[in-house]
Amino acid sequence: MEASLTARDRVGIQDFVLLDTYTSETAFLDNLRKRFHENLIYTYIGTLLVSVNPYKELDIYSKKQMDTYMGVNFFELPPHIYALADNAFRTMMSEFNNHFILISGESGAGKTEASKKILQFYAVSCPSTKVLNNVRDRLLLSNPVLEAFGNAKTLKNDNSSRFGKYMDIQFDHQGGAVGGHILSYLLEKSRVVHQNHGERNFHIFYQLVEGGEEDLLRWLGLERNCKHYRYLVQGKCAKVSSINDKSDWKTVRKALSVIDLSESDIENLFGIIASVLHMGNIKFEADARGYATLNNNQEMQWLLGIPNQVLQQGLTHRKIEAKSEEVFSPFSVDHAVYARDALAKAIYGRTFSWLVNKINESLANMVSNKDSSRKTVIGLLDIYGFEVFSVNSFEQFCINYCNEKLQQLFIELTLKSEQEEYEMEGIEWEPVPYFNNKIICDLVEEKFRGIISLLDEECLRPGEATDLTFLEKMEDKIGGHPHFVTHKLADQKTRKTLERGDFRLLHYAGEVTYCVVGFLDKNNDLLYRNGKEVMRQSKNAIIKHCFPSTEPDSKRRPETVVTQFKNSLVGLTEILMMKEPWYVRCIKPNEAKQPGHFDDVLVRHQVKYLGLMEHLRVRRAGFAYRRKYEIFLQRYKPLCPDTWPNWKGTAAEGVRCLIKHLGYKSDEYKMGRTKIFIRHPRTLFATEDAFQVCKHKLATRIQAKYKGYKVKGNYVKQREAATKIETCWRGLMARRERQRRAWAVKVIKKFIKGFMNRHQPACTDNSEYLAYVRHSYLTRLKENLPKTVLEKDSWLTPPPILQEVTQTSALFKGKKENYPFSVCRPFADTRILDLHYSVPVVKYDRNGFRPRLRQLIFTQEAAYLVEEAKIKQWIDYSSLKGVSVSNLSDNFLILHVTCDDSKQKGDLVLQCDFLFEALTKLSVIANKQNCIHVVQGSVRFDIQPGREGFVDFKSGQESMVYRAKNGHLMVVSL
């Protein structure tokens, strides 16, 4: 809250408790509207969250947003449903107690979506393991299943919950979600057989027909056309643009598997849904006596595997027991239709209860192996809001009675929590005036005199009890009650607004007129006994479970619907009273579901019946603002020189010093044990405005300090960088100087060495020096040439290196014709330019294997075997077939050559100490990489065409080469 007090003029107040005119409904609506138009859909009333449906997607539910609100103080960030969910969770973990979040509002206000957002937040924020992830998936995917079977399109909402849902999420001591449990309340079973214009049946029927696979539909006897089924077309809107039944079908199919339903259970479940549709298409005809009959009705064969004869009798006759006899009384057509619809409602209602129990079993199974000694829960109560339609019937009566009870609980818990906080802080509690709706709750539920008791009496009364006799009984018994009026009891002006079959109750949220027609029928919800017996003969396992043979067929009438609902509410109230409450109030901004449109009249009505003004009055009964000393001091300590920047004493003493400096009057605040209580919002706003001014001054000082710190830091960095660059540059220069000197030393040494060897033949040691001498002589000669041809003796004396040139001139000048042409060509050390490599080898004769020393020379074109200056054998590389060496450690190689005639010499057997070097040179020069073969054992070679020899290789104790007895050359290597 504190973080955005400065933006209050533009976006309104984030907490209604801080409204100065908190009693003004207009100011309340203005604040709500201002925030709504800024897409700020959440506002607090203390810890209560008010949520306005935006009817559009807002980017406020991302994973990043969840992370932002995790572990943050409730009022530290702008209002959000994640803040409420996180604080409920953290309070539960720290205090180890149970909590519940009550989500209420009218249909279309966003209750179901709010419930989903809370579940999604816990799914992300709680610890994650494989087991916990399974629990999370089942908790999340129980929603689409329950929505499919319990939600429907109404005039106000395309996904309206037609049942109340309370879900407990169970957490272990580490905060992991380990399971859950769901309670359902007052499923609107009448919707199965009847829908008002513009409304639909439950989603699952349309999802099955539109999205079911062809094989499944064929097996169920269904057609892909909703218009063929009477139970689906009464509202005349089987298809809705905002609902994608095919896509939702896939989601439900996946969810049913995840929540651990077996394939047989799923098949049986869809079989029941299909049977309800077929049952709605059963038509009755009247015989001659006016009794209902079934003739050639093909829908019968698809009804849960029940024999046709049994089903026909169950739908057209009523079983009556008279003493020891059983009599079957035939139905009229109207009675038969009633019995059929009652059976369809019973089947669907019991199946829904079975499904809820299966989900609970699935969630309970996940925690069976966990430590059950320490578990806490957070309950989510997604309950129908107050409903006021143009025609209000039995369902609206029950729903509004439920809201009266919850409002009573809400006020009691709010007052209780306020009173407990005051007592805990040692502050005197001031009584709060508020509307106590106990008078209305008593009007509805009081024993013997309440509306529920009167309705049950009329349902159980023998004789012709009707809705009008029930109305007359209420006029007789409670006619004088100030919150009850009928057409008969009303004054002349009020009577014009009431029909003869209406009665009006003045609820805490306003007046609601109920039409009494259908009250008795809906409250009885009778299912004839033989209808149950027919169901027990079904082959469907779920139906057998829902209609067990052990169910007592008592002649005593079962509890009525409203009594069951009343008892359920009592149980729910007991559950909630044992938990700490959190509230989410959902508001619908307009009826047209348009984004950005705020209907003042509609919102004002909801603010009234949600009891928001009442809750605000309770919260503002004494003090508008309360915070722990530590939080208050941490925020506002810059306003006092004594507390800034660090307060040395206790937080309470620091706050006392701070408010003394700020000049708070004694009636503006109270000091509790751990909190400061501020009475008026204007006091807090004045403090906040002063803090904003101070904050800017502090920010300027901090900026100046920070900028100085940054500049100094940059200077130090630049100085260090300059020093580093200088060091590196000096090092580079020193290394270059060292290299230059090393080069100079090398050159000088080479020059001196060349000078010392100047009289030796040209070699590497003196080559550069002799080149220098030659160049120096020619340069001097160029500058000192004789002036005339007569000065023969004036030529410079040549150095010894040029003596051979002089000798050549003396020998051949003027004697040989081509001598002048040789002058421009310098002498070289050798003219054998093609010689690439030579190596000494031992050559073994082909006959007798006598060893002989030879030189093996490789040129560009061929290999030569030379003895001193005589070429003994010449091998062209093109005639070289291959080279063989052994895999042992000897140094032998055999060169295989092509022998075309008998005069040509055969292969060469050689031994070379530089075997690897020689073969590598040969492979590169002759490009014979693929011709060198390493062999084992012996090598065959050609002595001459037609004659062959062998070289055998083996390992021994010492190296030997000799001619073996078999005539082979034997090479023994270590």
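Residues numbered from 1 in each chain as written. Predicted model: local features only at pLDDT ≥ 70, side-chain atom pairs only at ≥ 80, totals over all residues. Heavy atoms only, no water.

## Details of a nonpolar patch on the surface
Together, I748, F751, I752, F755, M756 and Y772 make up a nonpolar patch on the protein surface, roughly 630 Å² of accessible area in all. When residues of the nonpolar patch are assigned to their parent elements, the largest contribution, five residues, is made by helix α27 (residues 681–756). Mapped onto the secondary structure, F755 falls in helix α27. What makes F755 partly exposed here is its relative accessible area of 39%. (Patch = residues over 30% accessible without salt bridge, like charges linked within 9 Å, V, L, I, M, F, W, Y side chains within 5 Å. Areas by Shrake-Rupley, 256 points an atom, 1.4 Å probe, with all protein chains shown as cover. Salt bridge = Lys/Arg side-chain N within 4 Å of Asp/Glu carboxyl O. Helix = DSSP H or I, 4+ residues; strand = E, 2+ residues; numbered from the N terminus. Buried < 20%, exposed > 50% of the residue type's maximum accessible area, 1.4 Å probe, protein only.)

## A short note on the UniProt feature "binding site: ATP" (unreviewed entry) in the chain
Under the feature "binding site: ATP" (unreviewed entry), the UniProt entry names G105, E106, S107, G108, A109, G110, K111 and T112. Secondary-structure assignment places G105 in the loop between β3 (99–104) and α5 (111–125). Not counting residues up to four positions away in its chain, the partners in contact with G105 are K111, I383, Y384, G385, C586 and L610. Positionally, A109 belongs in the loop between β3 and α5. Look at A109 and you get buried, because its relative accessible area is 2%. Look past the residues within four positions of A109 in its chain and what remains in contact with it is N53, C586, I587 and K588. (UniProt positions renumbered as here; feature names shortened; annotations may be inferred. Contact = heavy atoms within 4.5 Å.)

## Overview of the pattern of salt bridges
In total, this model carries 36 salt bridges according to the counting rule given. In this structure, D245 engages R200 in a salt bridge whose closest nitrogen and oxygen atoms are separated by 3.3 Å. On the criterion of sequence distance, the pair formed by D245 in helix α10 (residues 245–258) and R200 in the loop between β7 (177–185) and α7 (203–211) is long-range, its members being 45 residues apart. Since its relative accessible area comes to 9%, D245 is described here as buried. It is possible to trace a salt-bridge network through shared partners that takes in R162, E188, R191 and E199.

## A short note on the side chain of Q195
If you trace the backbone, Q195 turns up in the loop between β7 and α7. Dropping the residues within four chain positions of it, Q195 is found in contact with R200, N201, Y231, L232, V233, Q234 and G235.

## A few points about the sheet that holds strand β29 (residues 947–955)
On the basis of which strands lie adjacent, the open sheet formed by four strands has the order β28-β29-β31-β30 and mixed pairing. Edge positions in the sheet fall to β28 (938–944) and β30 (960–963), since each of these pairs with one other strand and no more. The sheet shows a mean angle of 20° between the axes of neighbouring strands, direction not considered. (Pairing = 2+ DSSP bridges. Axes fitted to C-alpha atoms, helices over the stretch in contact; angles between N-to-C directions.)

## Considerations on the nonpolar core
Counting residues in each nonpolar core, the largest one holds 107 residues, and the members touching the most others are I101, Y122, F149, F205, L256 and I347. The biggest single contributor to this core is helix α13 (residues 333–366), with 13 residues. Non-local contacts of I101, meaning those with residues more than four positions away in its chain, are made with L84, A88, I118, Y122, I378, G379, L380, L381, W582 and V584. (Core = buried A, V, L, I, M, F, W, Y, C linked by side-chain atoms within 4.5 Å.)

## Description of the packing of aromatic side chains
Enumeration over the complete set of coordinates arrives at 27 aromatic pairs. Where F16 meets F28, the ring centres are 3.9 Å apart and the plane angle is 10°; that geometry is what we call stacked. A residue pair is termed long-range when its members are at least 10 positions apart, and F16 in the loop between α1 (8–11) and α2 (25–37) and F28 in helix α2 qualify at twelve residues. With a relative accessible area of 0%, F16 lands in the buried category. On the accessibility criterion, F28 (0% relative accessible area) is buried. (Phe/Tyr/Trp six-rings, centres within 6.5 Å; stacked < 30°, edge-to-face > 60°.)

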